[in-house]
Amino acid sequence: MRFAVTIFPGSNCDIDCIHAVEDVLNASVTPVWHQESDLSRYDAIILPGGFSYGDYLRTGVLASFSPVMEGVKKAAREGKLVIGICNGFQILTEVGLLPGALRRNSRLKFRCNFQTLRVENARTPFTCDYEQGELISIPIAHGEGNYYCDDATLAELKRNNQIVFTYAGENPNGSVSDIAGIINREGNVLGMMPHPERAILDWMGSKDGARVFTSMLQYWKENCGAA
Amino acid sequence: MFKATIYVTLKESVLDPQGVAVRGSLQTLGYEGVKDVRIGKKIEVILEGSSREEAEAQVKEFSEKVLSNPVTETFTYELEEVVSCASQ
């Protein structure tokens, strides 16, 4: 299974994501600069966290118009796995691959700490290695993770089981329905504010994020062929 | 040459945490008459266009597509003809 990690000017979790794929899965992973648009060689695309284009204008918006996003949209249409983490989630909403938008945190504070999440849907390619309803500990680090969508969209997300992760206990940013991560209707594009790549080894304080990556590999093996 | 001034604001239905914080500060300073604060962005764009209609169509298009996010924001704009960039 071949992974790509997109890099925009201002991305800063790209190396962590590359390490996560290498350390957890021992799989092939290639950094891809935002000027490239051909992602046809890869089976899964990771949009990492950071502050692409300095968060100018709105978080994620300028990155959403870069050439690599044409490749990401194509990969998504083809059913390949696409995961956006933190700033990557913001980019996926701006480009329209996921509904809603991410606003400034309700109490204006940049939140950087471990957060307990509930796995609301363990039947996705990104969560099949978790138990339904499992509580996991993964860090967040964002100032604009306050997920918003209108009531009709929220009802649709609930109806289609598109809410994948919620904040269990304290909601750190004011997101609607405590949403921490959602998936698209087709089930191959995930966006999440918490950073699974920062919770893959014991010394990090939690290994709960590793199973996002093992889930992707497991799904791919079962549905797309060999490793 | 045209100068477009675009004002991007959060929709009425969307909470503005920055506005709420600023409102609190103003009230703390004794401006008790302050009831609400909403924070937005003002963006100035100088553009060429053969006609006002053409320029206006472009401004509408890129304001919807890029300058604002229709999920959370709305925008208004003003358009004026200017002699050159230096006239702004």
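Just so it is clear, the structure is predicted and the values come from calculations on it, not from any experiment. (Residues numbered from 1 in each chain as written. Chains lettered and ligands numbered in written order. Predicted model: local features only at pLDDT ≥ 70, side-chain atom pairs only at ≥ 80, totals over all residues. Heavy atoms only, no water.)

*Asks:* Describe in detail the UniProt feature "active site" (unreviewed entry) in chain A, supporting the description with residues and values.
*Replies:* Residue and element names in this part refer to chain A. According to UniProt, the "active site" (unreviewed entry) feature falls on Cys86, His195 and Glu197. The largest pairwise C-alpha distance within this set of annotated residues, which runs over 112 residues, is 11.0 Å, so the set is compact in three dimensions. Position of His195 among the secondary structure elements: in the loop between β11 (189-192) and α5 (210-224). Non-local contacts of His195, meaning those with residues more than four positions away in its chain, are made with Cys13, Gly49, Ile85, Cys86, Ile138, Pro139, Ile140 and Ala141. Its location among the elements puts Glu197 in the loop between β11 and α5. At a separation of 2.8 Å, a polar atom in the side chain of Glu197 contacts the side chain of His195. (UniProt positions renumbered as here; feature names shortened; annotations may be inferred. Helix = DSSP H or I, 4+ residues; strand = E, 2+ residues; numbered from the N terminus. Contact = heavy atoms within 4.5 Å. Polar contact = N/O pair within 3.5 Å; in protein donor to acceptor, adjacent residues only side chain to side chain.)

*Asks:* Describe the interface of chain A and chain B, and please don't skip the residues or the numbers.
*Replies:* Contacts between chain A and chain B engage 13 residues on the former and 16 residues on the latter. Across the chain A/chain B interface, buried area totals approximately 1200 Å², and carbon plus sulfur atoms make up 66% of it. Together, Leu57, Arg58 and Tyr148 of chain A form the three largest contributors to the area buried by chain A at its contact with chain B, with a combined 40%. At the boundary of chain A and chain B, one finds one salt bridge. Where Arg58 of chain A meets Glu73 of chain B, a salt bridge forms, and the shortest distance between an N and an O atom there is 3.7 Å. (Buried area = accessible area lost by both parts, 1.4 Å probe. Salt bridge = Lys/Arg side-chain N within 4 Å of Asp/Glu carboxyl O.)

*Asks:* Got a sec to walk through the layout of surface pockets? Specific residues and values, please.
*Replies:* Empty pockets left among the atoms are what a rolling probe the size of a water molecule brings to light. Size it by volume and the largest pocket reaches roughly 500 Å³. Along the wall of the largest pocket there are 26 residues; nearest its centre are Arg58, Arg104 and Glu144 of chain A together with Lys41 and Glu73 of chain B. Elements that contribute at least two residues to the lining of the largest pocket include exactly α3 (87-94) and β5 (101-103) of chain A together with β1 (2-10), α1 (17-28) and β2 (40-47) of chain B. Split into classes, the residues belonging to the lining of the largest pocket amount to nine nonpolar, eight polar and nine charged. A volume near 250 Å³ is recorded for the second largest pocket. The wall of the second largest pocket is formed by 17 residues, among which Ser64, Phe65, Glu94 and Val95 of chain A together with Lys65 of chain B lie closest to the centre. Listing elements by their share of the lining of the second largest pocket, those giving two or more residues are α2 (67-77) and α3 of chain A together with α2 (52-67) of chain B. Each residue belonging to the lining of the second largest pocket can be placed in one class, and the counts come to five nonpolar, six polar and six charged. (1 Å grid on protein atoms, 1.4 Å probe; cavity = no way out; pocket = protein on both sides within 12 Å on 5 of 7 lines; lining within 4 Å. Points joined across faces, edges and corners; volume = space filled by probe spheres on them. Nonpolar A, V, L, I, M, F, W, Y, C, P; charged D, E, K, R; others polar.)

*Asks:* Please give an account of the sheet that holds strand β3 (residues 73-81) of chain B that cites residues and values.
*Replies:* All names here are of chain B. The three strands lie next to each other as β2-β1-β3, forming an open sheet whose pairing is antiparallel. Each having just a single partner strand, β2 and β3 make up the two edges of the open sheet. The average undirected angle you get between the axes of adjacent strands in this sheet is 20 degrees. Note that β1 and β2 share eight bridges and pair antiparallel. Pairing of Ala4 across the sheet is with Val45, part of β2. (Pairing = 2+ DSSP bridges. Axes fitted to C-alpha atoms, helices over the stretch in contact; angles between N-to-C directions.)

*Asks:* I'd like a rundown of the side chain of Thr6 of chain A, residues and numbers included.
*Replies:* All names here are of chain A. Looking at the secondary structure, you find Thr6 in strand β1 (residues 2-7). On the accessibility criterion, Thr6 (0% relative accessible area) is buried. Not counting residues within four places of it along the chain, the set of residues in contact with Thr6 comprises Ser11, Val32, Ile45, Ile46, Leu47, Pro48, Val68 and Val72. (Buried < 20%, exposed > 50% of the residue type's maximum accessible area, 1.4 Å probe, protein only.)

*Asks:* Residue-level account of the nonpolar core, with values.
*Replies:* In terms of nonpolar packing, the biggest core is built from 73 residues, with Phe3, Ile45, Ile46, Ile83, Tyr147 and Phe165 of chain A touching the most fellow members. Counting residues per element, this core draws most heavily on α5 of chain A, which supplies six residues. Here Ile46 of chain A is in contact with Phe3, Ala4, Val5, Thr6, Cys17, Val21, Ile83, Ile85 and Phe213 of chain A, once residues within four sequence places are set aside. Listed in part, the 12 residues of the second largest apolar core include Ile43, Val45, Leu67 and Leu79 of chain B. (Core = buried A, V, L, I, M, F, W, Y, C linked by side-chain atoms within 4.5 Å.)

*Asks:* Outline the sheet that holds strand β4 (residues 81-85) of chain A, listing residues and values.
*Replies:* Paired through their backbone hydrogen bonds, the strands of a sheet run either parallel or antiparallel. Residues and elements named next belong to chain A. The strand order β2-β1-β3-β4-β11-β10-β9-β6-β7 describes an open sheet built from nine strands, whose pairing is mixed. Two strands bound the open sheet, and with one partner strand each, they are β2 (28-33) and β7 (135-142). Adjacent strand axes in the sheet meet at a mean angle of 20 degrees, parallel and antiparallel pairs treated alike. In terms of strand pairing, β1 meets β2 through six bridges, oriented parallel. Paired with Arg2 across the bridge in β2 is Ser28. α2 rests against β1, β2, β3 (44-47), β4 and β11 of the sheet, and its axis sits at about 135 degrees to β3. Contacting β1, β3, β4, β7 and β9 (163-167), α5 crosses the sheet at an angle of about 170 degrees to β4.

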